[in-house]
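# Structural features, examined
For reference, the chains in residue letters:
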Amino acid sequence: MSDNEAKSSSNFIKTIIAGDVAAGKNDSRVHTRFPPEPNGYLHIGHAKAIWINFSMAAEFNGLCNLRFDDTNPVKEEVHFIESIMEDIRWMGFDWDDRLFYASDYFPRLYDFAVQLIKMGKAYVCDLNAEEIRTYRGTLTEPGKNSPYRDRSVEENLELFERMKAGEFPDGSRTLRAKIDMASGNLNMRDPVIYRIMHATHHRTGDEWCIYPMYDFTHCLSDSIEGITHSLCSLEFEDHRPLYDWFLDQLGVFHPRQIEFARLNLSYTVLSKRKLLKLVDEGYVTGWDDPRLYTLAALRRRGYTPRAIRTFLERVGVSKRESVVAMADLEFAVREDLNKHAPRLMAVVKPLKVVLENYPEGQTEELDAINNPEDESAGTRKVPFSKVLYIERDDFMEDPPKKFFRLAPGREVRLRYAYFITCREVVRDDDGNIVELRCTYDPESRGGSSPDGRKVKATLHWVSAEHAVDATLRLYDHLFLVENPLATKEGEDFTVNLNPNSLEVVEGCKLEPAAGECVVGTTYQFERQGYFCVDSKDSSPDNLIFNRTVTLRDTWAKIAKSQQK
RNA sequence: UGGGGCGUCGUCAAGCGGUAAGACACCAGCCUUUGGAGCUGGCAUUCCCAGGUUCGAAUCCUGGCGCCCCAGCCA
C-alpha cells in the first residue's frame, strides 16, 4: 500500500481485536487469513474480505495468511488459484510465504476425525442424503437420531477406515459429529463431517476418496495455522457454535470467529450465480468485461487498487446488510485518478474546424501540462494547425441559456492554444453541420489574450493532420435500477439490464501522445473522463480505450434540469 | 413458544450513560486555461415504535414492530 491512505475509522471488529490484544489474549498476537475456495473469480465483495483481513493484521502488526479452502474437488480448479493470487497481489496485499491449502491438512484432519470417533463424538452413518434430510427435521421441529448413531467406537473406526480405503461408493456413508438432533440450530443436528467422493483433487490427486466438510475443515485449519481472529461473512454466524464445538472437543488452539456483512453495490450484481448467468448468456463478454465488478474487470476498466482500498476504507465494516451507492466507488476512482492520471486531449465525436486566418501548412508545438495536480508530471508538446477537430457537443447553433461553449459569433478558448471565434457553419446536402469556419486571435497564443479579454469556455481539440485514431468504449451502469434483483413476479433480474451500458465510438481523434499510452495506466481525456488502453483488444494500429468513469459533468446536470 | 442476526440523515457509518463524528449524494456561493479539481457554507433538536430506570438514554431495562440468514453428503 502506498500514499497516506486514511487511517481507518472505528469498526466493531477492530474494537474486538483491540480488546483481545489489550487483554493479552494469544500473547497479544493478531493473525488472520483470507480463505477463498478456488472455484471462481474474485469480485469487489471479496476485495472487502481481503482488505479486512489484511488490514486488520497490518493494523495490529500481525500477519494474514492466504489459504485456499479446497475441500470439494468436484467444484474446484487450479486455474482459479492463479487468478485469485493475481487479484490479491493486484489489490496490493502480500501473504509472503504463508500460502496454504486446506488440502495440506487432510492427513491431520483425518486424525482429528479418528480422535472424535474414539471420544464417541462422531459416527459413521449409513443414511443416504435423502434420509439424512428427513431425519434432520425442520426449522420448527426437532430431528430424529440416526439408527446408526450408537454404533460402537470399534465399528466406527473400522468403517471410517474402510471409507478412506475406498471400499464404499459415493454417497453410501458419511462420518457425522454426534451432537444434538433436537438443537434449534440445524448446524448442530449431527452435521456430516466427511463424505465419500471418488474424485481427483487438483492437489492431492487420487490419494483421498473421502473429503472433509467446510465446518470441520475451516475451524481446524484456522487452529493449525494459529489464526487468532477468523473473520467471515454473516451467513456463518449460525455455524459458529459448530466451529467452537469442534475446537473445544478436540482441545486445540481456539481462534475467535467474527462475522461481518458482505458488500453490496447498487446498479450491479455480485453473486457468483448471477455473474455466471450474465457471462454464460452473453449479456457481457466474459468475467473480465469492464461492466462487471470482478477484480479482473475493474483492472481492465482502469480502476486503481488504491481507489478500491480507499473506497472499502470509507464504506467501513459492520453487521448491517446494506447496499453501498455506486457513486461512492466512482467518487473514489475519480479522486485517485484526478491526482495521478496524466492528461491528454481526445475528441470523442469530432467536428471539423478550419481556422480561416491561420497560415496554410503551418504547425506549432504548444505546451500542455500533463497533470495540473502534480507538477512533477511535467509538460508535453501538442501540435496545432489550421484544421482541427473539436467536440461536436461543444458547439450549438442555437445555444440555450447557460451554454458557454462555441456558437455562431462566439469566442472561446482552445486549451493551451488560442481564442477562436466561430464565423460560419458549413452544412452538407442533408443539412448536417459538417464544419465550422472560425478565426483565431494570434495574440492569444497559449490561451490568454494580452488585452485581458475573458472567454467563458475552454475546449479541448486535436490537430486534424496529427491526430491519432482510436475506438472508445464508453461504459455506463450495467443495470438501470439500483437494485437489479427487485423484479416483478416471474421476471428475472436481466429485465433490468441497461441496453446502453456500452457505447462503442469509432473514429475518435486523439492527440499524438495518445499513441504512447500503455496498458496498466489510466489517463484523463480532458473534459471527458478517465480512459485506459484495453488490455485485450487494443493494438498499435487499432487503438481501443475503455472509459473508467466520466468526469463530473455539471453542464449535463444543468442541461437536464433545463429540459424539465 | 425453532435458532441466529440487524434496525442512527437519501446511501454508507461513528457513537458503548453526559446531551448525534465523518464520507458519498444533494443545495447555495467562491475560484478556475478541464462547466474537472479545489475552497466555503447548508443538510438527523434526533437515533424503528411504546413504556420504564436515571439529574441525564441512540446508548441500560421491558414489551412491541420491521428486515435478513439457516432444513447441501456446497463454501
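Look a little higher up for the structure.
Reference entry: report on the structure contained in this document. The residue numbers shown here count from 1 along each chain, following its written sequence. Think of it this way: whatever chain is written first is A, whatever ligand is written first is 1, and the rest follow in order. Only residues with pLDDT of at least 70 get local features here, since the model is predicted, and only at 80 or more are side-chain atom pairs given and counted; chain-wide, interface and lining totals rely on the full set of residues. With hydrogens and water excluded, all non-hydrogen atoms of the structure serve as input to the side-chain values.

### As for the nonpolar core
Within the largest apolar cluster, 53 residues are counted, with the highest numbers of intra-cluster contacts made by Ile 13, Ile 44, Ile 88, Ile 308 and Phe 311. Looking at this core, the elements with two or more residues in it are helix H1 (12–22), helix H2 (44–59), strand S2 (63–68), helix H3 (78–90), strand S9 (256–260), helix H10 (295–301), helix H11 (305–315) and helix H12 (326–340). For this core, the element with the most residues is H2, which contributes 9 residues. A domain-level breakdown of this core finds at least three residues from each of domain 1 (3–262) and domain 2 (272–342 + 472–563). Not counting residues up to four positions away in its chain, the partners in contact with Phe 311 are Ile 44, Leu 263, Leu 265, Val 324, Asp 328, Leu 329 and Ala 332. Within the second largest apolar cluster, 34 residues are counted, among which are Val 114, Val 124, Phe 168 and Leu 220. Nonpolar core, defined: a set of buried Ala, Val, Leu, Ile, Met, Phe, Trp, Tyr and Cys residues in which side-chain atoms within 4.5 Å join the residues together. Remark: exposure states derive from per-residue accessible area (1.4 Å probe, protein chains only) relative to the maximum for the residue type, with buried under 20%, exposed over 50%, and partly exposed in between. For the purposes of this entry, the term helix denotes a DSSP run of H or I that reaches at least four residues, the term strand denotes a run of E that reaches at least two, and both are numbered from the N terminus. The start and end points of each domain follow an automatic or database-based domain assignment. Pairs of residues are marked as contacts when any of their non-hydrogen atoms sit within 4.5 Å.

### Remarks on the side chain of Asn 496
With respect to the helices and strands, the residue Asn 496 is situated in the loop between strand S21 (468–475) and strand S22 (502–510). If near-sequence neighbours (up to four positions away) are discounted, Asn 496 is found in contact with Leu 478, Phe 479, Leu 480, Val 481, Asn 483, Pro 484, Ala 486 and Thr 487.

### Let's talk about helix H5 (residues 129–136)
Where H5 starts, the residue carrying a side-chain oxygen 3.0 Å from the main-chain nitrogen of Glu 130 turns out to be Asn 128. In the segment just after H5, Gly 137 is the residue with positive phi, at about 85 degrees. Pairs of N or O atoms are called polar contacts if they sit within 3.5 Å, as long as, within protein, a hydrogen donor faces a hydrogen acceptor (for residues adjacent in sequence, only side-chain-to-side-chain pairs).

### Considering the pairing of strand S12 (residues 350–355)
Each regular strand shows side chains that alternate between the opposite faces of the sheet. Strands are labelled as partners when DSSP assigns at least two bridges between them. With 5 bridges connecting them, S12 and strand S15 (residues 387–391) associate as antiparallel partners. From the neighbouring strand, Val 354 faces S15, where its bridge partner is Val 387.

### Looking at the protein's contact with RNA strand B
A molecule or strand has a residue near it when one of that residue's heavy atoms lies within 4 Å. Neighbouring residues of RNA strand B: 67 residues in total, closest Ser 10, Arg 320, Arg 343, Arg 405 and Gly 446. Those atoms of RNA strand B that come within 4 Å of the protein belong to sugar or phosphate at a rate of 66%. Separating a phosphate oxygen of RNA strand B from a side-chain N or O atom of Thr 71 is a distance of 2.6 Å. Taking Arg 405, its side chain carries an N or O atom lying 2.3 Å from a base nitrogen of RNA strand B. Of all elements in the fold, only H5, strand S6 (192–196), H11, H12 and helix H13 (554–563) reach the threshold of two or more residues within the surface near RNA strand B. Under the convention adopted here, Pro, Cys and the residues Ala, Val, Leu, Ile, Met, Phe, Trp and Tyr are nonpolar, Asp, Glu, Lys and Arg are charged, and Gly plus all remaining residues are polar. Tallied by class, residues from the surface near RNA strand B come to 23 nonpolar, 21 polar and 23 charged.

These figures capture arrangement, not role.
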